[in-house]
Amino acid sequence: VQLQASGGGLVQAGGSLRLSCAASGRTFSSYDMGWFRQAPGKEREFVGALSWSGGSTAYTESVKGRFTISRDNAKNTLYLQMNSLKPEDTAVYYCAARKPYGLGPITARSVYDYWGQGTLVTVSS
């Protein structure tokens, strides 16, 4: 599967952005999906994830209550709605997909099989 992230940009603190991740192929609905981010000089970190069924979600503590991950299987698209953005949310955001029956927690980078190219989010203070 190929992933294409988009929707990044420059926004003021307190603002909102919605990221999209378009997936190729017919098996998108069977993949667990995740969002990660990487700030300059830092390691890539987990942001949020959504199981293939949509029945299970997970978020890193710092974005809980502000970010919402969702998916539209009919459009083969994953979303990340980001509200109340803070300067510390500035990073390149990546979407990722895990093959069906993958093992391990969906919060871990290592369990994902496919990655998008990233989209830059810059939050000014």
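The paragraphs below set out a description of the structure included in this document. (Residues numbered from 1 in each chain as written. Predicted model: local features only at pLDDT ≥ 70, side-chain atom pairs only at ≥ 80, totals over all residues. Heavy atoms only, no water.)

## Digging into the side chain of Arg37
Mapping Arg37 onto the fold places it in strand S4 (residues 32–38). The buried category is assigned to Arg37, whose relative accessible area is 4%. Among the polar contacts listed, one links the side chain of Arg37 to the side chain of Ser62, at a separation of 3.4 Å. Engagement of the side chain of Arg37 in a polar contact is seen with the side chain of Asp89, the distance being 2.9 Å. Not counting residues up to four positions away in its chain, the partners in contact with Arg37 are Glu43, Arg44, Glu45, Val47, Ser62, Val63, Phe67, Glu88, Asp89, Ala91, Val92 and Tyr93. (Helix = DSSP H or I, 4+ residues; strand = E, 2+ residues; numbered from the N terminus. Buried < 20%, exposed > 50% of the residue type's maximum accessible area, 1.4 Å probe, protein only. Polar contact = N/O pair within 3.5 Å; in protein donor to acceptor, adjacent residues only side chain to side chain. Contact = heavy atoms within 4.5 Å.)

## Side note on the side chain of Asp32
Summarising the element assignment, Asp32 is placed in strand S4. Polar side-chain contacts of Asp32 include one of 2.7 Å to the backbone nitrogen of Trp52. Leave out the neighbours within four places in its chain, and Asp32 touches Leu50, Ser51, Trp52, Arg71, Ala96, Ala97, Arg98, Ile106 and Tyr112.

## Details of the sheet that holds strand S1 (residues 3–6)
With antiparallel pairing, four strands are arranged side by side in an open sheet as S1-S3-S8-S7. The outermost strands of the open sheet, each flanked by one partner alone, are S1 and strand S7 (67–72). Each neighbouring strand pair of the sheet contributes to a mean axis angle of 15 degrees, computed without reference to strand direction. (Pairing = 2+ DSSP bridges. Axes fitted to C-alpha atoms, helices over the stretch in contact; angles between N-to-C directions.)

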